Amino acid sequence: MDEQISKFEQYLITEEKSAATIEKYRRDIRCFYAFLADRPISKEKTIAYKEYLRARYAPSSVNSMLIALNCFLRFIGLQDCCVKSLKIQRQIFSREDKELTKAEYQRLVKAAGNTRISLVIQTICGTGIRVSELQYITAEAVRAGKAVVNCKNKTRVIFIPTSIQKMLQPYMKKSGITAGTVFVTRNGKPLNRRNIWRDMKFLCERAGISPNKVFPHNLRHLFARTFYSVDKDIVRLADLLGHSSVNTTRIYTMETGNEHRHRLERVEKLLMT
């Protein structure tokens, strides 16, 4: 198993997959092998695994894990064991219990105080970058007001708002950071997703926010919704977020069900007057 996964990782590297994608695929494949419990791979087992996932995860998470599995099965020559993804009806609104609001974001920043995680949160939410792209926020980028981001075989320029520049400059001076990535560990390595996720979760109780809403990617969603509410240009937003398709961007700009209900109520009033 370990040898197969190791070879699969090397294959993903040659396919120029990101480090985060490779880590996720490795985690998903190990989950599959844990389910097998030393039993041989077969179509019956992969179908059973699909049902196992369906009973435990959201449909979108199941499909994400099946994509990794199918890629691995094709790599080891067992494409006949691949399984179909779940069919998911397109949602027209987002879940309120998962959406981080502007007020909650402000409470999160306040709870973080004058700390590094506060700066991280505001930098991600103020630029819309992925957490994996935080490494491209360098001292040079802060001084220039823009960062060149290379991610998923795409290069794009991210502008750093003046307020974020002014916020980061004292931190850089205090930390002695004159070049390279701004947010680093004690060993000088860029902060990773796990570090940031842990620090954000620690703030939940103090900020009075459900932990289900507090994770790095939700900051990117809040940026997208806020930008779209001002600009209403989904194509420009897609470029800012680094999306290849505006269909992906539409997911980021979905309103909550509560907002949809208010719209329907207004329609009903119009019909009755």
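Before any of the text, the structure's been laid out above.
Fair warning: this is a prediction, and the values are worked out from it, not measured in the lab.

(A) Region of interest: the overall build of the chain. Across its full length, the chain carries 13 helices and two strands. Taken over the C-alpha atoms alone, the chain extends approximately 65 × 55 × 35 Å along its principal axes. Relative to its 273 residues, the chain shows a buried fraction of 40%. Pairs at least 24 residues apart make up 59% of the contacts formed inside the chain by residues separated by at least 6 positions. When the accessible area of the chain is evaluated, it comes to approximately 16500 Å², of which 53% is carbon and sulfur surface.

(B) Looking closely at the packing of aromatic side chains. Taken as a whole and judged by the stated rule, the model has 13 aromatic pairs. For the pair Y33 and F72, a centre-to-centre distance of 6.0 Å together with 75° between the ring planes defines the contact as edge-to-face. With Y33 in helix α2 (residues 19-36) and F72 in helix α4 (residues 59-75), this pair connects stretches of sequence that are 39 residues apart. Put simply, the rings of F8, Y11, Y25, F32, Y33, F35, Y49, Y52, F72 and F75 pair up and form one aromatic cluster. The positively charged end of R39 is found above the aromatic ring belonging to F35, 5.4 Å away from the centroid.

(C) How the structure looks around the side chain of H221. Tracing the backbone shows H221 in helix α10 (residues 216-231). Judged by relative accessible area, H221 falls into the buried class, the value being 17%. Once residues within four sequence positions are removed from consideration, H221 is found in contact with I251 and Y252.

(D) Spotlight on the side chain of N70. Relative to the helices and strands, N70 resides in helix α4. With relative accessibility at 9%, the residue N70 sits in the buried group. Aside from chain neighbours lying at most four places away, what touches N70 is C82 and V83.

(E) Geometry of the pattern of salt bridges. All told, the structure shown has 14 salt bridges when counted by the stated rule. Where E99 meets R225, a salt bridge forms, and the shortest distance between an N and an O atom there is 3.8 Å. With a gap of 126 residues between them, E99 in the loop between α4 and α5 (102-112) and R225 in helix α10 connect regions that are remote in the sequence. Accessibility assignment for this pair places E99 and R225 in one class, buried. Ionic pairing is found between E133 and R156, a salt bridge with its closest N-O pair at 2.9 Å. Linking E133 in the loop between α6 (116-127) and α7 (139-144) with R156 in strand β2 (residues 154-159), this pair joins segments that are 23 residues apart in sequence. Taken individually, E133 and R156 each receive the classification buried, so the pair is uniform in this respect. One salt-bridge network, held together by shared partners, links E9, E23, R26 and R27.

(F) Examining helix α8 (residues 162-175) more closely. Across its 14 residues, α8 extends 20 Å between first and last C-alpha, which sits within 8% of the 20 Å expected from 1.5 Å per residue. As for α8, its buried residues are in contact with α6 and α7. Following α8 by one or two positions, G176 adopts a phi angle in the positive range, close to 70°.

(G) The arrangement of α6 in detail. Between its first and last C-alpha, α6 extends 17 Å over 12 residues, near the 16 Å set by a 1.5 Å rise per residue. Along α6, 10 of the 12 residues are buried, which leaves the element largely enclosed by surrounding structure. By the burial criterion, the buried members of α6 are I117, S118, L119, V120, I121, Q122, T123, I124, C125 and T127. Elements in contact with the buried residues of α6: α5, β2, α8, α9 (193-207) and α10. G128 occupies a position one or two residues after α6 and carries a positive phi of about 80°.

(H) The arrangement of the packing of α6 against α10 in detail. Remark: α6 packs on α10, axes separated minimally by 7 Å, with the N-to-C direction vectors making an angle of 40°. Taken together, the axes of α6 and α10 lie oblique to each other. As α6 runs across α10, the sense of the crossing is right-handed. Contacts between α6 and α10 pair I121, I124, C125, G126 and T127 from the former with P216, L219, L222 and F223 from the latter.

Parameters and conventions
Residues numbered from 1 in each chain as written. Predicted model: local features only at pLDDT ≥ 70, side-chain atom pairs only at ≥ 80, totals over all residues. Heavy atoms only, no water. Helix = DSSP H or I, 4+ residues; strand = E, 2+ residues; numbered from the N terminus. Buried < 20%, exposed > 50% of the residue type's maximum accessible area, 1.4 Å probe, protein only. Contact = heavy atoms within 4.5 Å. Areas by Shrake-Rupley, 256 points an atom, 1.4 Å probe, with all protein chains shown as cover. Phe/Tyr/Trp six-rings, centres within 6.5 Å; stacked < 30°, edge-to-face > 60°. Lys NZ or Arg CZ within 6 Å of the ring centre and 35° of its normal. Salt bridge = Lys/Arg side-chain N within 4 Å of Asp/Glu carboxyl O. Expected span 1.5 Å × (residues − 1). Axes fitted to C-alpha atoms, helices over the stretch in contact; angles between N-to-C directions. Parallel < 35°, antiparallel > 145°, perpendicular 65-115°, else oblique. Left-handed = near helix turned anticlockwise from the far one by under 90°.

Purely geometric stuff here, so don't read any function into it on its own.
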